[in-house]
Amino acid sequence: VPDDFKYLAVVETMLNIRAVSSAKAAGLWQFMEGTAKDYGLEVTSEVDQRYDIELSTRAACKYFKKAYEDFGDWSTVAAAYNAGKNRLNNDLEKQQGENFFDLWLPEETMRYVFRILAIKQIMTHPKTYGFILKEEDFSPSIQESIIEINTPINWVELAQKYGLTYAQLRASNVWIRDLTLTNRMNKTYRVNIPNKADFKYDCARIKVHDSNWIK
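Our subject in this report is the structure included herewith. Predicted, not measured: the structure shown is a model, and the values here were computed from it. (Residues numbered from 1 in each chain as written. Predicted model: local features only at pLDDT ≥ 70, side-chain atom pairs only at ≥ 80, totals over all residues. Heavy atoms only, no water.)

1. With respect to the overall build of the protein chain
Piece 1. Counting its secondary structure elements, the protein chain contains eight helices and four strands.
Piece 2. Here the C-alpha coordinates of the protein chain stretch approximately 60 × 50 × 30 Å along the principal axes.
Piece 3. For the protein chain, with 215 residues in total, the buried portion stands at 36%.
Piece 4. Expressed as a percentage of contacts within the protein chain between residues at least 6 apart in sequence, the contacts between residues at least 24 apart total 55%.
Piece 5. For the protein chain, the accessible surface area stands at approximately 14000 Å², while carbon and sulfur atoms represent 51% of it. (Helix = DSSP H or I, 4+ residues; strand = E, 2+ residues; numbered from the N terminus. Buried < 20%, exposed > 50% of the residue type's maximum accessible area, 1.4 Å probe, protein only. Contact = heavy atoms within 4.5 Å. Areas by Shrake-Rupley, 256 points an atom, 1.4 Å probe, with all protein chains shown as cover.)

Pasting the structure below:
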């Protein structure tokens, strides 16, 4: 998959892993539940792998590669991600077009590919467009290790084992959707364990505009 498709995720969600659309598409790549399952992601009341960055990205790449087999053109693949492969196929046939650039489509889809190109330009050359980022503009990083589990688990107890709260564990594993995992099939899950020492507030970076707020 072309490296530029990472900018498609920026257009979809601004890289917000918790994003949910009004149509209930979820996660970094905005998968609908049915499509997510078609591409191997688990979506239940306990686990929603649309929120797993690695697994959902692999699923998105499978979608892109399959769409490229159908269309043979990456710009059309990107447009199909927005409008749907069936819609693009129908429009290519009805309008006798060869690719996305030949078609008249709904405004959102017509703008979609160009938004990806614009985002690439801005993120590749931020200073050219007035984005001058300083060290204090960035959030501190949180180091994580990975463990694998293949048994039922109580997430609260697992968090406590590593000196974490359930909230801290879940913040690093947004795909967790409940306090427990029954895991009746003994599937293997990769769990990010954040470094407890990295969870600290840098008060020097917090700007309080109303002193009454802290009283």
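After presenting the structure, the write-up continues.
2. Things to note about the pattern of salt bridges
Any two side chains of opposite charge can pair, so long as their charged atoms come close to each other.
Piece 1. The final tally for this structure, using the stated rule, is nine salt bridges.
Piece 2. In this structure, Lys-6 engages Asp-3 in a salt bridge whose closest nitrogen and oxygen atoms are separated by 2.9 Å.
Piece 3. Exposure remark for Asp-3: the relative accessible area of 55% places this residue in the exposed category.
Piece 4. Close ionic contact of Glu-42 with Lys-187 constitutes a salt bridge, the shortest N to O distance being 2.7 Å. With Glu-42 in the loop between helix H2 (33–38) and helix H3 (53–71) and Lys-187 in the loop between strand E3 (180–181) and strand E4 (189–194), this residue pair connects regions lying 145 residues apart in the sequence.
Piece 5. On the basis of relative accessibility, which here comes to 16%, the residue Glu-42 falls in the buried class.
Piece 6. Take Lys-187: its relative accessible area is 36%, and that puts it in the partly exposed class. (Salt bridge = Lys/Arg side-chain N within 4 Å of Asp/Glu carboxyl O.)

3. Some points on the packing of aromatic side chains
Piece 1. Inspection of the entire model under this criterion finds 13 aromatic pairs.
Piece 2. Aromatic side chains Tyr-39 and Tyr-63 sit 5.7 Å apart centroid to centroid with 50 degrees between the ring planes, which places their arrangement in the tilted category. Remark: Tyr-63 occurs in helix H3 and Tyr-39 occurs in the loop between H2 and H3; sequence separation between them is 24 residues. Both residues of the pair, Tyr-39 and Tyr-63, belong to the buried class.
Piece 3. Relative to Tyr-81, the ring of Tyr-63 lies with its centre 5.1 Å away and its plane at 85 degrees, an arrangement referred to as edge-to-face. (Phe/Tyr/Trp six-rings, centres within 6.5 Å; stacked < 30°, edge-to-face > 60°.)

4. Section: H3
Piece 1. The end-to-end C-alpha distance of H3, which contains 19 residues, comes to 26 Å, matching closely the 27 Å that a straight helix rising 1.5 Å per residue would cover.
Piece 2. Every buried residue belonging to H3 is among Ser-56, Ala-59, Ala-60, Tyr-63, Phe-64, Ala-67 and Phe-71, and all of these are buried. Down the axis of H3, the sector holding all buried residues measures 145 degrees, keeping them to one side. Along H3, the residues that are exposed and aim more than 90 degrees away from the buried face are Arg-58, Lys-65 and Glu-69.
Piece 3. Close packing links the buried residues of H3 with helix H1 (6–13), helix H4 (74–83) and helix H5 (85–95).
Piece 4. Structurally, the start of H3 carries an N-cap: the backbone nitrogen of Glu-54 is 3.1 Å from a side-chain oxygen of Asp-52.
Piece 5. Positive phi appears at Gly-72, one or two residues downstream of H3, with a value of about 65 degrees. (Expected span 1.5 Å × (residues − 1). Arc of directions from axis to C-beta. Polar contact = N/O pair within 3.5 Å; in protein donor to acceptor, adjacent residues only side chain to side chain.)

5. Some details on the nonpolar core
Most often, soluble globular proteins have nonpolar side chains that are buried together.
Piece 1. Counting 52 residues, the largest nonpolar core has Leu-8, Trp-29, Phe-64, Tyr-81, Trp-155 and Val-191 as the members making the most contacts within it.
Piece 2. Here this core takes six residues from H3, the largest share from any one element.
Piece 3. Ignoring any residue separated from it by four or fewer positions in sequence, one finds Trp-155 in contact with Ile-149, Tyr-166, Leu-169, Trp-175, Ile-176, Asp-178, Leu-179, Thr-180, Leu-181 and Val-191. (Core = buried A, V, L, I, M, F, W, Y, C linked by side-chain atoms within 4.5 Å.)

Purely geometric numbers; function is a separate question.
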